[in-house]
Amino acid sequence: MLRHLLPLLVLAVSVLSGAAHAEGRLVIENAWIRAAPPAAPMRAGYATLRNVGDAPLLVRGARSDAFGDITLHATQMDDGIARMRELEEIKLAPGEQAVLEPGGKHLMLMRPLRELNLAETATIVFEIGGGTSTATADFIVREAAEADPTDHH
Ligand SMILES: [Cu+2]
């Protein structure tokens, strides 16, 4: 029994230490979720993602126990009309940052699983690279600083 278990334990430890190492490389700042009526079927999340490591980094997606599904989106103006498209990943070179902000890239937070009122937080886990490492941030619900003409959610 023990003989079969041992290789599994070694594998688990090496995966964990790999994750901890990569975790230090993605820094998530200014994380917030736009306030919305309780019945809103989706929300938009914003943050600054910074690669503080010395290797390129791929942010492939995100998950949270507060939402049924999260995708990476970009908003772009198309003949004066704001349109969204899904991003497969966000690539960050060493030292590079991506600003997720109203009118630009954002997290599309779909199927809220619980109420999220002003000043409450939702924990969002970003999946990095092949999905073996993650970075986590608490997103706080707040009003947008000003009205956003490209907001279409
Ligand atoms: Cu969107």
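Bear in mind that the values here come from a model prediction, so they are computed numbers and not experimental data. (Residues numbered from 1 in each chain as written. Predicted model: local features only at pLDDT ≥ 70, side-chain atom pairs only at ≥ 80, totals over all residues.)

## A few points about unusual backbone geometry
So, step 1. You will see that Asp 79, though not glycine, has its phi angle at about 55 degrees, which is positive.
So, step 2. Secondary-structure assignment places Asp 79 in the loop between strand E4 (67-78) and strand E5 (81-87).
So, step 3. One non-glycine residue, Ala 119, lies in positive phi territory at about 75 degrees.
So, step 4. Its place among the elements puts Ala 119 in the loop between strand E8 (106-112) and strand E9 (121-128).
So, step 5. Take Ala 119: there are 9 C-beta atoms within 10 Å of it, and that puts it in the exposed class. (Helix = DSSP H or I, 4+ residues; strand = E, 2+ residues; numbered from the N terminus. Buried ≥ 20, exposed ≤ 12 C-beta atoms within 10 Å, placed from the backbone.)

## Re the pairing of E5
So, step 1. Little of E5 is tucked away, with zero of its seven residues classed as buried.
So, step 2. Counted along the chain from E4 to the antiparallel partner E5, the turn is two residues long, and its residue Asp 79 has a positive phi close to 55 degrees. (Pairing = 2+ DSSP bridges.)

## Topic: the nonpolar core
So, step 1. One finds Leu 107 and Phe 126 to be the most contacted residues of the largest nonpolar core, which totals 26 residues.
So, step 2. Sorting the residues of this core by element identifies strand E1 (26-34), strand E2 (42-51), strand E3 (57-63), E4, E8, E9 and strand E10 (133-142) as the ones contributing at least two each. (Core = buried A, V, L, I, M, F, W, Y, C linked by C-beta atoms within 7 Å.)

## Looking at the environment of Gly 45
So, step 1. As for its placement among the helices and strands, Gly 45 is situated in strand E2.
So, step 2. Residue Gly 45 is classed as buried on the basis of its C-beta count, with 23 C-beta atoms lying within 10 Å.
So, step 3. In sequence terms Gly 45 and Leu 109 are 64 residues apart; their C-alpha atoms lie 6.8 Å from each other.
So, step 4. Aside from chain neighbours lying at most four places away, what touches Gly 45 is Ile 33, His 106, Leu 107, Leu 109, Ile 124 and Phe 139. (Contact = placed C-beta atoms within 7 Å.)

Keep in mind these numbers describe shape, not what the thing actually does.
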